[in-house]
Amino acid sequence: MSRDLHEAAQTAMGKCHAPYSHFPVGAAIRADDGQIYSGANIEVIAYPEGWCAETTAISHMVMGGGRKIREIAVIAEKLDACTPCGGCRQRIAEFADPDTLIHLCDHDGVVKTITMTDLLPYAFDAEVLK
Ligand code: THU
């Protein structure tokens, strides 16, 4: 993974709104249009209404014109190799392929890279609805 994606995730993490968990997270997507789209977690006092960094990044991608996730980096200030939550796994899968790379990062760079299939095995396959 190149440095720019890690830097984008780190910069995004700095913009988190996490006054309740104090657990800043950042995510950065390299999309099919060549652009990087990033996001941070945004919490709400009614706790279930907050959302994850990956979700913010995906919404930026879609609204910016990107349609596919080529690779995604995730970083958390207080955890090396923070893995996306269950809901975000399904959201990432919506815009990814089975071999799309998920980079789990710390402050220095990538700790571990896994594929979409590693992250969400036995995923619900939208093909059945077509
Ligand atoms: N969080 C993320 O943003 N992404 C993850 O992959 C895991 C968890 C956020 C949600 C919440 O704001 C905080 O981390 C603690 O759960």
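Scroll up a little and you will see the structure.
Quick notes on the rules
- Residues numbered from 1 in each chain as written.
- Predicted model: local features only at pLDDT ≥ 70, side-chain atom pairs only at ≥ 80, totals over all residues.
- Heavy atoms only, no water.
- Near = heavy atom within 4 Å.
- Polar contact = N/O pair within 3.5 Å; in protein donor to acceptor, adjacent residues only side chain to side chain.
- Areas by Shrake-Rupley, 256 points an atom, 1.4 Å probe, with all protein chains shown as cover.
- Helix = DSSP H or I, 4+ residues; strand = E, 2+ residues; numbered from the N terminus.
- Contact = heavy atoms within 4.5 Å.
- Axes fitted to C-alpha atoms, helices over the stretch in contact; angles between N-to-C directions.
- Parallel < 35°, antiparallel > 145°, perpendicular 65-115°, else oblique.
- Left-handed = near helix turned anticlockwise from the far one by under 90°.
- Nonpolar A, V, L, I, M, F, W, Y, C, P; charged D, E, K, R; others polar.
- Pairing = 2+ DSSP bridges.
- Buried < 20%, exposed > 50% of the residue type's maximum accessible area, 1.4 Å probe, protein only.

Describing the site of the ligand
In step 1: Around the ligand, the neighbouring residues are S21, F23, V25, N41, E43, C52, A53, E54, C82, T83, P84 and C85.
In step 2: Between the ligand and E43 there is a distance of 2.5 Å, counted from an oxygen atom to a side-chain nitrogen or oxygen.
In step 3: Contact between the ligand and E54: an oxygen atom at 2.6 Å from a side-chain N or O atom of the residue.
In step 4: Protein chains shield 77% of the accessible area of the ligand, which is 370 Å² for the free molecule.

Considering the side chain of T55
In step 1: Mapped onto the secondary structure, T55 falls in helix 2 (residues 53-64).
In step 2: Other than its neighbours up to four places away in sequence, T55 contacts C88 and R91.

Topic: the packing of helix 2 against helix 3 (residues 86-94)
In step 1: In the contact formed by helix 2 and helix 3, the axes pass within 9 Å of each other and the chain directions differ by 25 degrees. Between helix 2 and helix 3, the angle is such that the two are roughly parallel. In terms of crossing hand, the pair formed by helix 2 and helix 3 is left-handed. For the pair helix 2 and helix 3, the contacting residues are E54, T55 and I58 in the first and C88, R91 and I92 in the second.
In step 2: Across the contact of helix 2 with helix 3, the residue classes break down as three nonpolar, one polar and two charged.

Comments concerning the sheet that holds strand 2 (residues 36-40)
In step 1: Reading across from one edge, 2-1-3-4-5 is the order of the five strands in this open sheet, with mixed pairing throughout. Of all the strands in the sheet, just strand 2 and strand 5 (110-115) have a single pairing partner and so form its edges. The average angle at which neighbouring strand axes cross in this sheet is 20 degrees, direction not considered.
In step 2: Relative to strand 1 (residues 25-31), helix 1 (residues 3-13) is tilted by about 140 degrees, and along the sheet it contacts strand 1, strand 2, strand 3 (69-76) and strand 4 (101-105).
In step 3: Contacts from helix 2 reach strand 1, strand 2 and strand 3 within the one sheet, and its direction differs from that of strand 2 by about 145 degrees.

Remarks on unusual backbone geometry
In step 1: Here the phi dihedral of H22 falls at roughly 55 degrees; this positive angle occurs in a residue that is not glycine.
In step 2: With respect to the helices and strands, H22 occurs in the loop between helix 1 and strand 1.
In step 3: Despite not being glycine, Y122 has its phi angle at roughly 55 degrees, a positive value.
In step 4: Here Y122 shows up in the segment after helix 4 (116-119).
In step 5: Under the relative-accessibility criterion, Y122 is labelled exposed at 85%.

So, the environment of A81
In step 1: With respect to the helices and strands, A81 occurs in the loop between strand 3 and helix 3.
In step 2: If we skip the residues at most four places from it in the chain, A81 touches L104, C105 and V111.

Thoughts on the pairing of strand 1
In step 1: With seven of seven residues buried, strand 1 lies mostly within the body of the structure.
In step 2: Sheet analysis places strand 1 next to strand 3, joined by seven bridges and oriented antiparallel. Its bridge partner lying in strand 3, G26 is registered against I75.

Here's the deal with the environment of M63
In step 1: Along the polypeptide, M63 turns up in helix 2.
In step 2: Separated by 60 residues in the primary sequence, M63 and A123 have C-alpha atoms spaced 25 Å apart.

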